[in-house]
Amino acid sequence: DSTFVRANGVDFLVVTSKMWERKIPINGTLVNPAAYDSISTYADLIRVFEPSKDHPGPIIKVYRVRRLNTTVSDDGQRGQINRAGDGQSKE
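Here the structure is a predicted model, which means the values were calculated and not measured.

Conventions we followed
- Residues numbered from 1 in each chain as written.
- Predicted model: local features only at pLDDT ≥ 70, side-chain atom pairs only at ≥ 80, totals over all residues.
- Heavy atoms only, no water.
- Pairing = 2+ DSSP bridges.
- Helix = DSSP H or I, 4+ residues; strand = E, 2+ residues; numbered from the N terminus.
- Axes fitted to C-alpha atoms, helices over the stretch in contact; angles between N-to-C directions.
- pLDDT = per-residue confidence, 0-100.
- Contact = heavy atoms within 4.5 Å.

It is worth spelling out the sheet that holds strand β5 (residues 60-65) at this point. Taken in spatial order, the three strands line up as β1-β5-β4 in an open sheet, and their pairing is antiparallel. A single partner strand is all that each edge strand has here, and the edge strands are β1 (12-16) and β4 (43-49). For this sheet, the mean angle separating the axes of adjacent strands, direction not counted, is 25°. Across five bridges, the pairing between β1 and β5 is antiparallel. Looking at the pairing, V14 lines up with V62 of β5.

Quick look at the confidence of the model for the protein now. Looking at the protein as a whole, its pLDDT mean stands at 76, while 70% of the residues score no less than 70. The lowest-confidence element of the protein is strand β8 (residues 89-90), averaging 43 in pLDDT; the highest-confidence one is β4, averaging 95. Counted against residues more than four places away or in other chains, residues 81-91, with its pLDDT under 50, gives 18 contacts.

Have a look at this one:
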């Protein structure tokens, strides 16, 4: 999850369709791992490698993890803004 990724200083995530398409048993039902569904909430997709006739294999996605910086506003309230500086405050 994003807490683990950020706490361990991970800058990039590389995932393959072999991993996000695999099923894992949860409560007796096979489901896709939920961790892959949330990656786009804390990382930006920067590259997708699609298989081709010359380069077969899984789809590979490379994400850059958004870093959060703590900021203090004029009224003393603490918040977070991502390092990319998109201006979206995170409370």
